[in-house]
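Given next are the chains, with one letter for each unit.
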Amino acid sequence: MRALVWHGKEDIRCDSVSDPEIEHPRDAIIKVTSCAICGSDLHLFHNFIPAMEPGDIMGHEMMGEVVETGSGINGRLKKGDRIVVPFTITCGECEQCKRGNFSVCETTNRNKEMADKVFGHTTAGLFGYTHLTGGFPGGQAEYLRVPFADSTHIKVPESLSDEQALFLGDILPTGWQAAFQCDIERTDTVVIWGCGPVGQMAIRSAVLLGARQVVAIDRIPERLSMAEAGGAITINFMDESVIERLNELTDGKGPEKCIDAVGLESHVSMSQPDTLLDRAKQMVMMESDRPHVLREMIYVCRPGGIISIPGVYSGLVDKIPMGMAMNKGLTFRMGQTHVKRWTDDLIRRIEEGQIDPSFVITHTRNLSEGPEMYKVFRDKQDSCIKVVLKP
Amino acid sequence: MTYLSNMTRPEGEPKVLHSGPSSLTSSDSLGRGLGWFSLGLGLAELLAADQIAHALGMRGKESLIRAYGAREIASGVLTLSVDRQAGLASRIGGDLLDIATLLPAVSDDNPKRGNAGFALAMVMGVTMLDIIATGANTVQHSRRGEPRSYSDRSGFPQGVGAARGRARDDLPDYHTPSTSGFSA
């Protein structure tokens, strides 16, 4: 089969690889019908997150049709079922899964010992996202083995197209969780840093959850136009001061809720000297992530506010003003998305026409064009916001 | 590397059979090559400044050569990072400094002017490569064309007005589930 394979920093290739096989009774094999490139795939593309190995198949946003099931599926899936695969692999049986904390499933990371050492305690296995989270082959491929498939799937109603359903596996619930965990009140100003795909979903979620005003921050005109279409007031941080504008929009009090949809690769700019220092430290391995957005959020957030972090961070960050956060009484909520906690509700909302996540797709290409599309997405060329690949 | 990695993969997992074209272009490879060259040259200048000064007839300039070595290493690290264009630009600046430093050494009163001339020619050649790589990388990574407007992509089939607060109809008083209390 064909698959997008990581060979090293900035080196992705569409390779011929052997087909996956059932390895465990709870496995299923799907024929992938649609998959997408996620912003967090770019962290791997740039080799910012350790423990990738040449030959690893990329991708954690995918859906398809079940073509084979293991003997332990117990009728929960059958051949021909159309499913979205959540990016987090879940057993559905451990203490964390039972609590709905699916992204920290205690069972599915097959490199648990490594994760225990690095994280303190293991998190769930992830598709196509380093050997630290299990080294499971990803879904930017023609076929995918889904481990723990009896639990790790979302059945897609016939009424939904691939384009409407695909993002149930990651960016839609990620944006939703980011907004939901802000405990939005009808009087709140919710600010989203970063108008990439997750930021766009967070904007729509904050609107649905009834925020008084939603503000979106980015520097890319097409992303800002999409944010504005979704009901956000936009700030281009290259043209105006984020702090001044947010204070102006909130009568000098600051926003109650702040969402970081940027993560570890915040934009480096001469006008923000801390980003230059972060980049220099990152290059000599004195810091793994660039946390400019976190600093700005802590500074501008209203005392007693909530900071929600769906953006991916990989390791160590410097100069986080914890004194400011502590004295302002801020609440931090973060984590990989507990996808299955939200999907039944989100499917209903898509079916009812409350939201149609396909709005974010700007490029649909064949899988073989994947290596080129990584660069187009990375360099934000051709007004690219979200790439869907068809195997 | 891929062959070794294939050997360590569990039975039944996909293994690379045939590799396709890389996302790395020739200009990426040229840039990387220049980055490694910077590191190598920088180390040589740091560790062998005395020998280099002697070979070029530039006695008394050892400290300067070491400083240039440190500069080369910094440029190399930057060129090998994702900020390749900045690294290549810093290399061109460094090349100009090198040329300015070497030019006086090709004068008639330097008995090693042959070596200095050869070094100058090398630096000028590498400068050309740096300029080519910078141009190619800039073209490759720059945003092309007018940005499209996505102002018709609300994501709300019934419009933004109808969407505002819609989820509150069925979640009137919601709160984030406690991590220890939520029941799936």
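Residues numbered from 1 in each chain as written. Chains lettered and ligands numbered in written order. Predicted model: local features only at pLDDT ≥ 70, side-chain atom pairs only at ≥ 80, totals over all residues. Heavy atoms only, no water.

Caption draft 1: Region of the structure containing the overall build of chain A. Helix and strand content of chain A: 13 helices and 18 strands. Along the longest, intermediate and shortest principal axes, the C-alpha atoms of chain A span 60 × 50 × 45 Å. Sorting the 391 residues of chain A into buried and exposed places 66% on the buried side. In chain A, the share of contacts with a sequence separation of at least 24, taken over all contacts with a separation of at least 6, comes to 71%. A total of about 13,000 Å² of accessible surface is found on chain A, and carbon and sulfur atoms cover 51% of it. When the 42 basic and 54 acidic side-chain charges of chain A are each reduced to a single mean position, those positions are 3 Å apart. (Helix = DSSP H or I, 4+ residues; strand = E, 2+ residues; numbered from the N terminus. Buried < 20%, exposed > 50% of the residue type's maximum accessible area, 1.4 Å probe, protein only. Contact = heavy atoms within 4.5 Å. Areas by Shrake-Rupley, 256 points an atom, 1.4 Å probe, with all protein chains shown as cover. Lys, Arg positive; Asp, Glu negative; His and termini not counted. Charge placed at Lys NZ, Arg CZ, Asp CG, Glu CD.)

Caption draft 2: The overall build of chain B, seen in detail. Regarding its fold elements, chain B presents seven helices and one strand. When the helices and strands of chain B are placed in sequence order, the string is α-β-α-α-α-α-α-α. Relative to its length of 184 residues, chain B is extended, with a C-alpha radius of gyration of 28 Å against a globular reference of 16 Å. Across its three principal axes, chain B shows a C-alpha extent of roughly 90 × 50 × 40 Å. Burial status across chain B gives 40% buried among its 184 residues. Pairs at least 24 residues apart make up 64% of the contacts formed inside chain B by residues separated by at least 6 positions. In the form shown here, chain B has an accessible surface area of approximately 9,900 Å², with 65% of it arising from carbon and sulfur atoms. With 18 positive and 18 negative side-chain charges, chain B shows a spacing of 2 Å between the two charge centroids. (Rg over C-alpha atoms; globule rule 2.2 N^0.38 Å.)

Caption draft 3: Highlighting the pairing of strand β1 (residues 2–8) of chain A. Residue and element names in this part refer to chain A. Counting buried residues along β1, six of its seven residues qualify, which places the element largely inside the surrounding structure. One ladder, built from six bridges, connects β1 with strand β2 (residues 11–17); its direction is antiparallel. Bridge pairing in β2 places R2 opposite S16. In this antiparallel pair of consecutive strands, β1 and β2, the connection spans two residues, and E10 shows a positive phi of 60 degrees. (Pairing = 2+ DSSP bridges.)

Caption draft 4: Looking closely at helix α2 (residues 26–47) of chain B. Residue and element names in this part refer to chain B. Taking 1.5 Å per residue as the helical rise, α2 with its 22 residues ought to reach 32 Å, and the 31 Å between its terminal C-alpha atoms agrees with that figure. All of the buried residues along α2 are S27, D28, G31, L34, G35, S38, L39, G42 and E45. Buried residues along α2 cover an arc of 145 degrees about the axis, so they all sit on one side. With respect to the buried face of α2, the exposed residues turned more than 90 degrees away are S26, W36 and L47. (Expected span 1.5 Å × (residues − 1). Arc of directions from axis to C-beta.)

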